[in-house]
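Read off the chains here:
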There are 4 protein chains.
Amino acid sequence: MKDVQREKDTRNIPLKNVGIRNLKWPVKLMEKGGGYQQTVATIAMSVDLPHDIRGTHMSRFVEAINEMKSINPKDLDKMLTELRTRLDASVSHCTIEFDYFITKPAPVTGIESPYNVKCCFEAEKGENGEFKFLMEIRVPVSTLCPCSKEISDFGAHNQRAIVHIKVDIKKLVWIEDIVKIAEDSASSPIYSLLKRADEKWVTEQAYLKPRFVEDVVREAAIVLEENSNIRWYSVMVDSIESIHNHDAFAYTEKGCTL
Amino acid sequence: MKDVQREKDTRNIPLKNVGIRNLKWPVKLMEKGGGYQQTVATIAMSVDLPHDIRGTHMSRFVEAINEMKSINPKDLDKMLTELRTRLDASVSHCTIEFDYFITKPAPVTGIESPYNVKCCFEAEKGENGEFKFLMEIRVPVSTLCPCSKEISDFGAHNQRAIVHIKVDIKKLVWIEDIVKIAEDSASSPIYSLLKRADEKWVTEQAYLKPRFVEDVVREAAIVLEENSNIRWYSVMVDSIESIHNHDAFAYTEKGCTL
Amino acid sequence: MKDVQREKDTRNIPLKNVGIRNLKWPVKLMEKGGGYQQTVATIAMSVDLPHDIRGTHMSRFVEAINEMKSINPKDLDKMLTELRTRLDASVSHCTIEFDYFITKPAPVTGIESPYNVKCCFEAEKGENGEFKFLMEIRVPVSTLCPCSKEISDFGAHNQRAIVHIKVDIKKLVWIEDIVKIAEDSASSPIYSLLKRADEKWVTEQAYLKPRFVEDVVREAAIVLEENSNIRWYSVMVDSIESIHNHDAFAYTEKGCTL
Amino acid sequence: MKDVQREKDTRNIPLKNVGIRNLKWPVKLMEKGGGYQQTVATIAMSVDLPHDIRGTHMSRFVEAINEMKSINPKDLDKMLTELRTRLDASVSHCTIEFDYFITKPAPVTGIESPYNVKCCFEAEKGENGEFKFLMEIRVPVSTLCPCSKEISDFGAHNQRAIVHIKVDIKKLVWIEDIVKIAEDSASSPIYSLLKRADEKWVTEQAYLKPRFVEDVVREAAIVLEENSNIRWYSVMVDSIESIHNHDAFAYTEKGCTL
């Protein structure tokens, strides 16, 4: 059968990315405590395409992911390196987005339950053989408004917020470690399972530790800045405001100067 | 050209609904204060199909909606009546979902700003000529947890929640009236634009009026029950819990007995 | 600490459902071929609430799901039965929605790859002790338009479509069996990984087997009707039309008469 | 009342963006044919925040958008310029995402109907007073696979695809002009309302003009490259593959060299 994709192309337009998106796939990841966690990912994979070739062979992306045993920087590097060869490309990329579950004890009763954080791994194998790996973790937390607390005679509005931390790492940093940084920066962590004594603790803890989205970003940035395993980071906090029908957010990244 | 849809079907399976979905369309609605509001709807339309006909003519749904000048019960009845004839069907339906904007003053400063509620109209023209019209309004509000307030030495967790009120009406009931019922049932209304004096009011108001999702449903049900223009109603409240990564909800409907 | 939820309620409004929603949770399911599949679910759980009690104890839902080892009708019955007792309710419900992966060989080359179907289990333990279990499977397929094929000199528009089959079962029916029924009813199954010989097969197969959404519903209904393990079923097909920016759909259910 | 946001901050972390997101708002836009179109937008707005100030005043974003009469580059420049002053910031941004409706005649019968394209405007007022304005239009089209057509004895798989064109403009370019470029690059435009003669035309047109996602990107890039009002562009095409449960995509941008 004719290979239409390999036809010569004379339009002289190189393509930065050609690939697949929204591929749902079962994946396995190492946990900090040892052992593996099985979860479900949404995957995108692509390569570049020179100006004189008509198309890429899309099925080879699925073949490549089909051969991966677990998702980690080392195996992604290997897979993307092979992908460049299989598809005759100079750069290969993938992004892998998934729910990851962390089990933690309730703050007073200590009852354990899992809760989910969203993760997104972005990996690229470049022309010069360089491998880039970025990891974004989105952690649900609680924020309590310092202004509302200050100006009100009682109470203070609070809400669920999501802390997005993205890191470029020099050495292995666990998802669990990033989650801890996010939770410590907010007014309070949140939990799947809280008994009354726990609910009292979370309520009072948040009231004692009011945080604007600006504060959460700064508190996280200070800790990320000091971690020698992290080459670059960004922090975004999105707060599902309880007094508005829109969100408040703040963002910064390493090296931002103002 | 051959009319494939009109072929005889011998499989003997009648279809309850055949139609189109996810049609985005510009629509116009009357406002309570007079005048019209232009917004964007997502529309589904369908008819039934007898066991012996192969298919319906999908383009006629779009023709029918294309002729509507504004969205209201009377014109929907007329459109659905014609649709039954055009498509040789005994029952015709449509659902129309859209953002509707309401302008209200901030509670202390009185500064006006619009905010959106989600609406869903469901209309059906039945075999016997009966016209049914259901209207669902989803209103963002704030809820403050009575348990958290009671057991904590200070503060109380609160969050954005969505009140879904669905009504089957005998006489015209305005979207604005349903929104008022939803807001009055919650710990506090929410706003697009609040200055500090307003934020203080909303914070204190919510603290003084703690509401479980169960409470909000009951408060709304009491008012809906008393409205003689409402034949049937349901109320669902979904609360984006600020201490959990999941929601709490409660639901009831007219006639529920336990 | 005071139990605010257990307060007497004098508003006299019973609630049909009180519970939690959008809880992400790791779950395990039996596969037809033996063994278990680990995936990620979105869970809702609720009970009813009598008119004279203020609220339910939300944390007990999470405790109940936390104790489940795997998701299947028998264990759901047991969990919902206990939930009624724990929460002093007469009816308990849950819905569990998840991606389930099925590995199948490409039609010509036989290369195996997994692909995802969406599943939703709905279970209810009723007042009289009756247990209801409904299973909905949403299967991506390809549909090719019979009208377009008939009236055009060459080609025919086709597209991805989703077949939603919901069943009330008397005896165990596997997810894999429902998927087979959905795929056989469409113009062609779809795959994660196709080589050129497979793509030729899928293209020609779809062209030889044109199907309106109405046809897919009827073909599936015929097979479901004959299955003695199925007490009731519904079929909905939603087609992401390639010539429109909206979808076409058809729906029927057991017992529909027109 | 105390202005908590204006407190001195000693953490020494400047923030690149502080603002609001997911604000739904009614907006008005000029149409190419004259007159205005009313639609619904989702808006984000932000400013930067120096290292020594604790927070920004979020309500001023809503005040600023509340004063805009219509959405266009000139008025956005003015609004963002004022926002920098109101919030004492050096950079201000906004993104405005909305459905825009275009009415076009069916290809044979000429029957007119509206259909929606998604638009996203991104505007920034920079430190040096520079105003940047980017416009992204997402246009639904149909793509028919050249490989499937070549290797199959009859038929060819096709599907709905979305062409995303983003432009940085020197002079006014209408949404309608970008839509035309996207549609001309694909196998066929798509429509809300097609009668049988039109469906025959669209089917045959697509079969005569097969396009990979790579082809669509290149065809659009050629035209965008030649337009002297466009300073920079990117093109992304996402195809909802009818033979897979995932999408195929391709991307390029002005200046890409390979």
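Residues numbered from 1 in each chain as written. Chains lettered and ligands numbered in written order. Predicted model: local features only at pLDDT ≥ 70, side-chain atom pairs only at ≥ 80, totals over all residues. Heavy atoms only, no water.

Enquirer: Sorry if this is basic, but what is going on with the overall build of chain A here?
Expert: The secondary structure content of chain A amounts to six helices and nine strands. Expressed as lengths along the three principal axes of its C-alpha atoms, the size of chain A is roughly 75 × 45 × 35 Å. Considering chain A as a whole, with its 258 residues, one finds that 63% of them fall into the buried category. In chain A, the proportion of contacts linking residues at least 24 apart, taken out of those at least 6 apart, comes to 62%. Charge centroids of chain A, computed over 35 positive and 39 negative side chains, lie 4 Å from each other. (Helix = DSSP H or I, 4+ residues; strand = E, 2+ residues; numbered from the N terminus. Buried < 20%, exposed > 50% of the residue type's maximum accessible area, 1.4 Å probe, protein only. Contact = heavy atoms within 4.5 Å. Lys, Arg positive; Asp, Glu negative; His and termini not counted. Charge placed at Lys NZ, Arg CZ, Asp CG, Glu CD.)

Enquirer: Even after reading the chapter, I still don't get the side chain of D:Ser46, so can you show me in this structure?
Expert: Relative to the elements of secondary structure, D:Ser46 occurs in strand E2 (residues 36-49). Of the residues examined, D:Ser46 reaches a relative accessible area of 4% and is grouped as buried. Reaching out from D:Ser46, the side chain makes a polar contact with the side chain of D:Asn17 at a distance of 3.0 Å. Residue contacts for D:Ser46: discarding those within four places in its chain leaves A:Phe249, D:Asn17, D:Val18, D:Gly19, D:Phe61, D:Val91, D:Ser92 and D:His93. (Polar contact = N/O pair within 3.5 Å; in protein donor to acceptor, adjacent residues only side chain to side chain.)

Enquirer: Explanation requested: the relation of the copies chain D and chain C in the structure shown.
Expert: Superposing the two chain copies requires a rotation about an axis and a translation along that axis. Mapping chain D onto chain C leaves a residual RMSD of 0.0 Å; the transformation is a rotation of 180° accompanied by 0.0 Å of translation along its axis. On the angle and the small slide along the axis, the relation comes out as a two-fold axis. A symmetric contact is evident, with 100% of the interface residues of chain D recurring at the interface of chain C. (Least-squares fit on C-alpha atoms with pLDDT ≥ 70 in both.)

Enquirer: Would you take a moment to explain the relation of the copies chain A and chain D for this structure?
Expert: After a rotation of 180° and a shift along the axis of 0.0 Å, chain A superposes on chain D with an RMSD of 0.0 Å. The residues that chain A uses at the interface reappear at the interface of chain D in 100% of cases, marking a shared surface.

Enquirer: I tried to follow the interface of chain D and chain C on my own but got confused; where do I start?
Expert: Buried accessible area, meaning the area lost when the parts come together, often serves as the stated size of an interface. On the chain C side, the residues contacting the 37 residues of chain D number 37 residues. Both faces considered, chain D and chain C share a buried interface measuring about 3300 Å² in area, 55% of it formed by carbon and sulfur atoms. Per-residue buried area on chain D facing chain C is highest for D:Phe154, D:Arg160 and D:Asn245; these three make up 21% of the total on that side. At the boundary of chain D and chain C, one finds four salt bridges. In this structure, D:Arg160 engages C:Asp247 in a salt bridge whose closest nitrogen and oxygen atoms are separated by 3.2 Å. (Buried area = accessible area lost by both parts, 1.4 Å probe. Salt bridge = Lys/Arg side-chain N within 4 Å of Asp/Glu carboxyl O.)

Enquirer: Even after reading the chapter, I still don't get the packing of helix H4 (residues 175-185) of chain C against helix H6 (residues 213-226) of chain C, so can you show me in this structure?
Expert: A pair of packed helices is characterised by two quantities: the angle between their axes and the separation of those axes. All names here are of chain C. Viewed as axis vectors pointing N to C, H4 and H6 meet at an angle of 140°, and their least axial separation amounts to 8 Å. By the criterion of interaxial angle, the relationship of H4 to H6 is oblique. The element H4 and its partner H6 pack so that their crossing is right-handed. Residues Ile178, Ile181 and Ser185 of H4 pack against Val216, Glu219, Ala220, Val223 and Leu224 of H6. (Axes fitted to C-alpha atoms, helices over the stretch in contact; angles between N-to-C directions. Parallel < 35°, antiparallel > 145°, perpendicular 65-115°, else oblique. Left-handed = near helix turned anticlockwise from the far one by under 90°.)

Enquirer: Is there a simple way to explain the pairing of strand E4 (residues 112-125) of chain C in this structure?
Expert: On any regular strand, side chains alternate: one points to one face of the sheet, the next to the other face. Residues and elements named next belong to chain C. E4 sits mainly inside the fold: 10 of its 14 residues count as buried. Sheet topology note: the strand E3 (residues 92-105)/E4 ladder contains 14 bridges and is antiparallel. Opposite isoleucine 96, over in E4, you have phenylalanine 121 as the bridge partner. Between E3 and E4, which pair antiparallel one after the other, the connecting turn spans six residues, and glycine 110 there sits at a positive phi close to 75°. In this structure, the hairpin formed by E4 and strand E5 (residues 131-144) is closed by a connection of five residues, where glycine 129 is found at a positive phi of approximately 85°. (Pairing = 2+ DSSP bridges.)

Enquirer: Mind showing me how you'd approach the pairing of strand E4 (residues 112-125) of chain D here?
Expert: Inspection of the sheet shows E4(D) paired to strand E5 (residues 131-144) of chain D by eight bridges, in the antiparallel sense. When the bridges of E5(D) are listed, D:Ala123 appears paired with D:Phe133.

Enquirer: What is the right way to read unusual backbone geometry from this model?
Expert: Note: most peptide bonds trans; most residues except glycine with negative phi. A positive phi is found at A:Asn12, a non-glycine position, where the angle reads about 65°. Take A:Asn12: its relative accessible area is 53%, and that puts it in the exposed class. Despite not being glycine, B:Asp88 shows a phi value in the positive range, around 55°. Looking at where B:Asp88 falls in the secondary structure, it is placed in the loop between helix H2 (73-86) and strand E3 (92-105).

Enquirer: Could you clarify how one ought to interpret H4(C) in this entry?
Expert: Note on helix geometry: an α-helix contains 3.6 residues per turn, so any two residues three or four positions apart are oriented the same way. Most of H4(C) is tucked away, with eight of its 11 residues classed as buried. Within H4(C), burial applies to C:Ile175, C:Glu176, C:Ile178, C:Val179, C:Ile181, C:Ala182, C:Glu183 and C:Ser185.

Enquirer: For this particular structure, what's the right way to read the interface of chain A and chain D?
Expert: Taken together, the 58 residues of chain A in the interface contact 58 residues of chain D. Buried surface at the junction of chain A and chain D, both sides included, amounts to about 5000 Å², of which 60% is carbon and sulfur. Among the residues chain A hides against chain D, the three largest losses belong to A:Arg218, A:Phe249 and A:Leu258. Together they make up 16% of the total. Counting across the chain A and chain D interface gives 12 salt bridges. Here D:Arg11 and A:Glu219 are joined by a salt bridge, their closest N and O atoms 2.8 Å apart. Summed over the shared surface of chain A and chain D, the result is 34 residue pairs in polar contact (both at pLDDT 80 or more). For the side of chain A that touches chain D, the secondary structure elements donating two or more residues are strand E1 (15-30), strand E2 (36-49), helix H3 (146-151), helix H6 (213-226), strand E8 (230-239) and strand E9 (247-253) of chain A. Top contributing element to the side of chain A that touches chain D by residue count: E1(A), with nine residues. Partitioning the side of chain A that touches chain D into residue classes produces 30 nonpolar, 13 polar and 15 charged. Sheet topology note: the E9(A)/strand E1 (residues 15-30) of chain D ladder contains five bridges and is antiparallel. (Nonpolar A, V, L, I, M, F, W, Y, C, P; charged D, E, K, R; others polar.)

Enquirer: Help me understand the confidence of the model for chain A, please; the structure alone is not making it clear to me.
Expert: Segments scoring low in pLDDT should not have their predicted coordinates read at a detailed level. Averaged over chain A, the pLDDT score is 97; the fraction of residues at 70 or greater is 100%. Complex prediction metrics read pTM 0.97 and ipTM 0.96. (pLDDT = per-residue confidence, 0-100.)

Enquirer: Even after reading the chapter, I still don't get the environment of D:Lys2, so can you show me in this structure?
Expert: Mapped onto the elements, D:Lys2 comes out in the segment before E1. A distance of 3.3 Å separates the side chain of D:Lys2 from the side chain of D:Glu7, its partner in a polar contact.

Enquirer: Sorry, what's going on with the pattern of salt bridges here?
Expert: Oppositely charged side chains can form a pair if their charged atoms are brought close together. One pass over the structure, following the stated rule, counts 118 salt bridges over all chains. C:Lys125 is the salt-bridge partner of C:Asp77, the closest N and O atoms lying 2.9 Å from each other. With C:Asp77 in helix H2 (residues 73-86) and C:Lys125 in strand E4, the pair connects residues that are 48 residues apart, well separated along the chain. Connected through salt bridges with shared partners, the residues A:Lys2, A:Glu7, A:Asp9, A:Arg11, A:Arg54, D:Asp215, D:Arg218 and D:Glu219 form a single ionic network.

Enquirer: Is there a simple way to think about the packing of aromatic side chains in this case?
Expert: Each aromatic ring pair is characterised by the separation of its centres together with the angle its planes make. Counting across every chain of the model gives 16 aromatic pairs over all chains. Ring centres of C:Phe154 and D:Tyr207 lie 5.4 Å apart, and the angle between their planes is 35°; this geometry places the pair in the tilted category. Of this pair, C:Phe154 sits in the loop between helix H3 (146-151) and strand E6 (158-169) while D:Tyr207 sits in helix H5 (residues 196-208), which puts the two residues in different chains. For D:Tyr207, a relative accessible area of 14% translates into the label buried. Three or more aromatic residues joined by ring pairs make a cluster, and in this case those are A:Phe98, A:Phe121, A:Phe131 and A:Phe133. If you follow A:Lys28 out to its NZ or CZ, it ends over the ring of A:Tyr36, 5.1 Å from the centre. (Phe/Tyr/Trp six-rings, centres within 6.5 Å; stacked < 30°, edge-to-face > 60°. Lys NZ or Arg CZ within 6 Å of the ring centre and 35° of its normal.)

Enquirer: Would you mind going over the side chain of A:Ser70 with me for this structure?
Expert: Residues and elements named next belong to chain A. Structurally, serine 70 is set in the loop between helix H1 (59-66) and helix H2 (73-86). Engagement of the side chain of serine 70 in a polar contact is seen with the side chain of asparagine 72, the distance being 3.0 Å. Ignoring anything within four residues of it in the chain, the contact list for serine 70 reads Lys28, Tyr36 and Asp75.

Enquirer: Looking at this structure, how should I read the environment of D:Lys132?
Expert: Residue and element names in this part refer to chain D. Along the chain, the position of lysine 132 falls in strand E5. Taking the C-alpha atoms as reference points, lysine 132 and aspartate 168, 36 residues apart in sequence, are found 7.8 Å from one another. Setting aside its immediate chain neighbours within four residues, lysine 132 contacts Glu122, Ala123 and Glu124.

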